[in-house]
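Summary of the model geometry
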Amino acid sequence: MDLDAAVRAADALAAARRVSALTGAGVSAESGVPTFRGPGGLWEGRRPEELASPVAFAADPELVWRFYDWRRTRLAGARPNAAHRALARLEQLVPSFELVTQNVDGLHAEAGSRRVVELHGNIWRVRCPRGCVDEIDRTAPLPPPLPPRCPRCRGPLRPGVVWFGEALPPGAFEAARRAAESAEVFLVVGTSGVVEPAASLARLAAGRGALVVEINPDVTALTDVAAISLRAGAGEALSAIVDRVEEARR
Ligand code: NAD
Ligand code: ZN
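Owing to the predicted nature of the structure, the values given are computational and were not obtained by experimental measurement.

Ideal geometry at a metal gives 109.5 degrees between four tetrahedral donors and either 90 or 180 degrees between six octahedral ones. Looking at the metal site, the zinc ion (ligand 2) is ligated by Cys128 (SG), Cys132 (SG), Cys150 (SG) and Cys153 (SG), spaced 2.3 to 2.4 Å from it. Around the zinc ion (ligand 2), the 4 donor atoms sit at angles spanning 105 to 117°, and that spread fits a shape best called tetrahedral. Linear spacing of the donor residues for the zinc ion (ligand 2) on their chain is C-x3-C-x17-C-x2-C. Linking Cys132 in the loop between β4 (121-127) and β5 (134-136) with Cys153 in the loop between β5 and β6 (158-161), this pair joins segments that are 21 residues apart in sequence.

Moving on: the nonpolar core. By size, the foremost hydrophobic cluster in this structure holds 32 residues, and its most contacted members are Leu13, Leu90, Phe97, Leu187, Leu238, Ile241 and Val245. Secondary-structure elements contributing two or more residues to this core are α1 (3-15), β1 (18-23), α5 (82-93), β2 (96-101), β7 (185-189), β8 (211-215), β9 (228-230) and α9 (234-249). Listed in part, the 26 residues of the second largest apolar core include Phe67, Tyr68, Leu107 and Val126.

What follows is about the packing of α1 against α9. Remark: α1 packs on α9, axes separated minimally by 9 Å, with the N-to-C direction vectors making an angle of 45°. If you check the angle between α1 and α9, you find them oblique. The handedness of the crossing between α1 and α9 comes out as right-handed. Packed against α1, whose contacting residues are Ala6, Val7, Ala9, Ala10, Asp11, Leu13, Ala14 and Ala15, the element α9 presents Ile241, Arg244, Val245, Ala248 and Arg249 at the interface.

By domain assignment, the protein separates into domain 1 (3-32 + 80-120 + 168-249) and domain 2 (39-77 + 137-161). A straight line from the C-alpha centre of domain 1 to that of domain 2 covers 28 Å. At the interface, 4 residues of domain 1 touch 5 residues of domain 2. Each partner contributes to the roughly 350 Å² buried at the junction of domain 1 and domain 2, and carbon and sulfur atoms together form 56% of this total. If you sort the residues of domain 1 by the area they bury against domain 2, Val104, Asp105 and His120 come out on top, with a joint share of 70%. The tally of links between domain 1 and domain 2 comes to 0 salt bridges. For the pair domain 1 and domain 2, the interface holds 0 residue pairs in polar contact (both at pLDDT 80 or more). Looking at side-chain class alone, the side of domain 1 that touches domain 2 contains 1 nonpolar, 2 polar and 1 charged residues.

This part covers the pairing of β7. Counting buried positions along β7 gives 5 out of 5 residues, so the element sits mostly inside the fold. Inspection of the sheet shows β1 paired to β7 by 5 bridges, in the parallel sense. Opposite Val19, over in β7, you have Val185 as the bridge partner. Two strands pair when backbone bridges link them, and β7 and β8 are joined in this way by 5 bridges, in the parallel orientation. Counterpart to Val188 in the pairing with β8 is Glu214. Following the chain from β7 across helix α8 (residues 198-207) to the adjacent parallel β8, one finds a crossover that is right-handed.

Analysis parameters
Residues numbered from 1 in each chain as written. Chains lettered and ligands numbered in written order. Predicted model: local features only at pLDDT ≥ 70, side-chain atom pairs only at ≥ 80, totals over all residues. Heavy atoms only, no water. Donors = N, O, S within 2.8 Å, 3.2 Å for Na, K, Ca; no water. Tetrahedral: all angles 85-135°; square planar, octahedral: opposite > 155°, others 65-115°. Helix = DSSP H or I, 4+ residues; strand = E, 2+ residues; numbered from the N terminus. Core = buried A, V, L, I, M, F, W, Y, C linked by side-chain atoms within 4.5 Å. Buried < 20%, exposed > 50% of the residue type's maximum accessible area, 1.4 Å probe, protein only. Axes fitted to C-alpha atoms, helices over the stretch in contact; angles between N-to-C directions. Parallel < 35°, antiparallel > 145°, perpendicular 65-115°, else oblique. Left-handed = near helix turned anticlockwise from the far one by under 90°. Contact = heavy atoms within 4.5 Å. Domains from an automatic or database assignment. Buried area = accessible area lost by both parts, 1.4 Å probe. Salt bridge = Lys/Arg side-chain N within 4 Å of Asp/Glu carboxyl O. Polar contact = N/O pair within 3.5 Å; in protein donor to acceptor, adjacent residues only side chain to side chain. Nonpolar A, V, L, I, M, F, W, Y, C, P; charged D, E, K, R; others polar. Pairing = 2+ DSSP bridges. Right-handed = clockwise from strand over helix to strand, strands pointing away.

In structure tokens:
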């Protein structure tokens with residue numbers, strides 16, 4: 001990791017009043033949760049777009065639920081890692097902090113982050129497409145038969161996540177956009193930056209003059225908008241940066 005760049009990022013965070021962060025699957029990688037595009041992200045050789053879509057669900061709800069059941073089972077043992085904890089600490093150190101996540105695993109809240117916009121929903125949420133049921137259910141694996149049925153209308157229940165081709169939850173994108181518009185420093189952590197409209201938030205922040213800081217071991221679609229790019233794992237980089245912010249704010 002470029003220590004000089006990490007110090008510049010920390011100093012900017014220590015001086016800022018408004019900070020926002022956009023996180024993606026890479027933040028949870030160190031918790032043992034595979035990213036979609038990294039190793040272990042494919043399920044039975046299928047691309048996520050073939051499973052996480054309304055078309056896939058209409059065609060074969062059982063198949064889609066088996067995929068989510070597999071993901072829920074892998075998540076059941078996952079705990080927040082150093083990156084989640086550092087972001088929760090940063091929220092306490094900055095006067096105004098907004099965390100926008102594309103992750104559906106709920107690990108930011110578990111680590112203690114209070115203000116979290118879940119752009120793509122939550123994998124533990126189960127809901128009826130007709131609106132009868134919307135609840136958190138941490139059962140994994142779900143008891144057969146799949147798909148689970150709505151107790152009221154008997155239709156198939158679905159995971160409370162946003163699928164490819166679907167609109168974001170009402171209010172979530174608005175809140176995320178406000179976070180991007182108001183930030184002086186905008187962190188982009190562990191996201192490939194290819195899923196829209198989430199990725200556009202970083203461009204919006206950069207266009208409004210925010211200092212965009214990227215943390216990712218690889219070059220991404222958002223590297224070109226970042227003023228500072230840290231090629232490092234999220235846990236290592238964020239722990240070091242937030243330690244320094246903590247010292248500066250003391
Ligand atoms: P992605 O899979 O497209 O990209 C993950 C990124 O994380 C990559 O750029 C990779 O280089 C980076 N990365 C890998 N290890 C890292 C580490 N240790 N530290 C920092 N970065 C690391 O994920 P995405 O951009 O979030 O978009 C994919 C979509 O998949 C999102 O909509 C998300 O909802 C969904 N998803 C969520 C989870 C989860 O909730 N944990 C897991 C997989 C996919
Ligand atoms: Zn129903």
